[in-house]
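Descriptive analysis of the structure
If you want the building blocks of each chain, they are given just below.
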Amino acid sequence: MGFSEEQVIEVLASVFSSHDPRLILGIGDDAALVQGSHQQILTTDIAVAGVHFRTDWSSAYEIGRRIAAANIADVLSMNGRCDYLLVATTLTGNESIDWIRDLAQGIQDQASDAGAVIVGGDLARSQTLSIAITAIGNTAAPIRRSGAAVGDSIYLSSLTGWSAAGLEILSKGLSTSGAAAARALNEYRAPTLNMKIDFSAATSMSDVSDAVLIQGAQMAKASHVKFEIQCEAIESVPEFAELAALATEIGGNVHDWILQGGEDHALLATGVNLPGLLIGTVVEGSGITVMRNGQEIKMAPVSWSHF
């Protein structure tokens, strides 16, 4: 092992240093002191090497951005702003100081894009590399999964499926070129968050971390309604043709990517006359279906689970 714990902490403290006025006391004490909010959003995620990311597929910087994006997206999905991140990491001891610095910089840059500050965390040694991030945000009007109503439309903040396409390229070891393949790989390695879209008028909302069909089913169940996803609406999105062409090129299924792929961290929302991509309608009933020309089409079951 070519570094000490003190060296790592010095690197992290340097990368995560901040003069943000919301921060009363940052890294260096037993805990951080920050300005609070009446309605705070708290969420946490853990990412484990070999399960959630691979160091041979992604750089340390990309891994940092990817993991931070997952937490920030959960805050955005509650109609919130992300204020603070806490980062806990287990290192194997085989990493270099430069690799650790790049990981921290990826987290820092993603946090900065969202207006968030890293205020502390923890560090330990383990046989497995892992990164756990806790996000703290605030909102004046939280949006839950349970507010969808019959007659609402269903929207995405951006077209999903790009991350799943990138995963397929990497999993198959494909040699690809072109803008679509490059975008797919970039979205898998470091998903883009759409922080400019205004879904504040949504009746329900969720981050698409697992899949549109999974998150949609959760929202429909919580709201006691049925979600109908319209293939024609999805296929009318301008960038659908680009993603479909990539699927044809590498032998993928574009509809599986869009509806059953995960980790795009787009927002799935219901409401009336919202911005974003219109992909379906909320109707009476339960569950979620995919429709084409008024007829339900069968999709292969989503099978991903940690256990």
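Right, let's walk through the structure included here. None of the values given here were measured: they were computed from a predicted structure. Every chain is numbered independently, its residues counted from 1 as its sequence is written. Thresholds applied to this predicted model are a pLDDT of at least 70 for local features of residues and 80 or more for the giving and counting of side-chain atom pairs; totals over whole chains, interfaces and linings are not thresholded and use all residues. With hydrogens and water excluded, all non-hydrogen atoms of the structure serve as input to the side-chain values.

Moving on to the nonpolar core. Most often, soluble globular proteins have nonpolar side chains that are buried together. Membership of the largest hydrophobic core comes to 45 residues, with the highest contact counts inside it found for L85, I107, I131, I133 and F199. Numbering of helices and strands runs from the N terminus; a helix is a DSSP stretch of H or I covering at least four residues, while a strand is a stretch of E covering at least two. Within the residue set of this core, elements represented by two or more residues are helix 1 (5-15), strand 3 (40-48), helix 2 (60-76), strand 4 (81-91), helix 3 (97-114), strand 5 (117-125), strand 6 (130-138) and strand 10 (266-271). A total of nine residues in this core trace back to one element, the largest contributor, which is helix 2. Note on definitions: a residue-residue contact is assigned when non-hydrogen atoms from the two residues lie within 4.5 Å. Apart from the residues lying within four places of it in its own chain, the contact partners of I107 are F16, G64, R65, A68, L85, V87, I118, I131 and I133. For this analysis, a nonpolar core means a set of buried residues of the types Ala, Val, Leu, Ile, Met, Phe, Trp, Tyr and Cys, connected via side-chain atoms within 4.5 Å. Each residue's exposure class comes from its accessible area (1.4 Å probe, protein chains only) as a fraction of the maximum for that residue type: buried when under 20%, exposed when over 50%, partly exposed otherwise. Judged by nonpolar contacts, the second largest core, of 40 residues, contains A184, L213, V225 and F227.

With that settled, the discussion passes to the pairing of strand 6. Here strand 3 runs beside strand 6; their pairing, made up of nine bridges, is antiparallel. Pairing of I46 across the sheet is with A132, part of strand 6. Here nine bridges tie strand 4 to strand 6, and the two strands are oriented antiparallel to one another. Following the sheet pairing, Y84 is matched in strand 6 by I136. Here, a strand pair is defined by DSSP locating no fewer than two bridges between the strands.

To continue, consider the sheet that holds strand 4. With mixed pairing, the four strands of this open sheet are ordered in space as 3-6-4-5. Either end of the sheet is taken by a strand with one partner, and the two such strands are strand 3 and strand 5. Strand-to-strand twist of the sheet, defined as the mean angle between neighbouring strand axes without regard to direction, takes the value 15°. Each axis is a line fitted through C-alpha atoms, and for a helix only the stretch in contact is used; angles between axes span 0 to 180 degrees, taken between their N-to-C directions.

Next up on the list: empty space enclosed by the protein. Only protein atoms enter the calculation, which uses a 1 Å grid: trapped sets of points that fit a 1.4 Å probe without letting it out are cavities, open sets showing protein on both sides within 12 Å along at least five of seven lines are pockets, and any residue with an atom within 4 Å of a point is a lining residue. Grid points are joined across faces, edges and corners, and a volume is the space filled by probe spheres set on the points. All chains considered together, the criterion is met by one cavity of 30 Å³ or more. The space that makes up the largest cavity amounts to roughly 30 Å³. Every residue along the wall of the largest cavity is listed here: L76, S157, L193, N194, H265, A266 and L267. The residue inventory of the lining of the largest cavity, partitioned by class, reads four nonpolar, three polar and no charged. Three categories are distinguished: nonpolar for Ala, Val, Leu, Ile, Met, Phe, Trp, Tyr, Cys and Pro, charged for Asp, Glu, Lys and Arg, and polar for the others, with Gly belonging to the last.

Here the focus is the packing of aromatic side chains. Aromatic contacts are taken between Phe, Tyr and Trp rings whose centres are within 6.5 Å, Trp giving its six-membered ring; a plane angle under 30 degrees counts as stacked, one over 60 as edge-to-face, and the others as tilted. Enumeration according to the criterion identifies one aromatic pair in this entry. Geometrically, the ring pair formed by W57 and Y188 is edge-to-face, given 6.1 Å between the ring centres and 70° between the ring planes. A residue pair is termed long-range when its members are at least 10 positions apart, and W57 in the loop between strand 3 and helix 2 and Y188 in helix 5 (residues 179-189) qualify at 131 residues. A relative accessible area of 15% means that W57 is categorised as buried. Against the face of W57 rests R54, its NZ or CZ located 4.0 Å from the ring centre. We count a charge as sitting over a ring when the NZ of a lysine or the CZ of an arginine lies within 6 Å of the ring centre and within 35 degrees of the ring normal. In this arrangement the basic side chain of R66 is found over the ring face of Y188, its NZ or CZ atom lying 4.4 Å from the centre.

With that settled, consider the environment of A266. With respect to the helices and strands, A266 occurs in strand 10. For A266, the residues in contact, after removing those within four places along its chain, are S157, S158, T160, S206, D207 and V208.

All right, on to the sheet that holds strand 13 (residues 295-297) then. One open sheet holds the seven strands; their spatial order is 8-10-7-11-9-12-13, and the pairing between them is mixed. Of all strands in the sheet, those bounded by a partner on one side alone are strand 8 (204-208) and strand 13. Adjacent strand axes in the sheet meet at a mean angle of 35° when their direction is disregarded. By the bridge criterion, four bridges tie strand 7 (residues 153-156) to strand 11 (residues 277-283) in an arrangement that is antiparallel. When the sheet's bridge partners are listed, Y155 is paired in strand 11 with L278.

This part covers helix 2. To estimate how far a helix should extend, the number of its residues minus one is multiplied by 1.5 Å. Here helix 2 contains 17 residues, and its C-alpha end-to-end distance of 24 Å stays within 8% of the 24 Å for a straight helix at 1.5 Å per residue. Across the 17 residues that make up helix 2, a large majority, 14, are buried.

Once that is clear, we can look at the packing of helix 2 against helix 3. Their axes nearest at 7 Å, the elements helix 2 and helix 3 cross at an angle of 35°. Helix-helix and strand crossings are classified by hand; for helix 2 and helix 3 the assignment is right-handed. Here A60, Y61, I63, G64, R65, A68, A69 and I72 of helix 2 come into contact with helix 3, specifically with W99, D102, L103, Q105, G106, I107, D109, Q110, A111, D113 and A114. Of the residues in the contact of helix 2 with helix 3, the class split is eleven nonpolar, four polar and four charged. When the near helix sits turned anticlockwise from the far one by under a right angle, the crossing is termed left-handed; a clockwise turn instead gives a right-handed crossing.

Every buried residue belonging to helix 8 (residues 240-250) is among F240, L243, A244, L246, A247 and I250, and all of these are buried. Around the axis of helix 8, the buried residues are gathered within 155° of arc, so they sit on the same side. Opposite the packed face of helix 8, turned more than 90 degrees from it, sit the exposed residues A241, T248 and E249. Structurally, helix 8 contributes buried residues whose contacts are with helix 4 (162-171), helix 5, helix 7 (231-235) and helix 9 (254-260). Following helix 8 by one or two positions, G251 has its phi on the positive side, about 80°. The reported arc concerns the directions from the helix axis to the C-beta atoms and nothing else.

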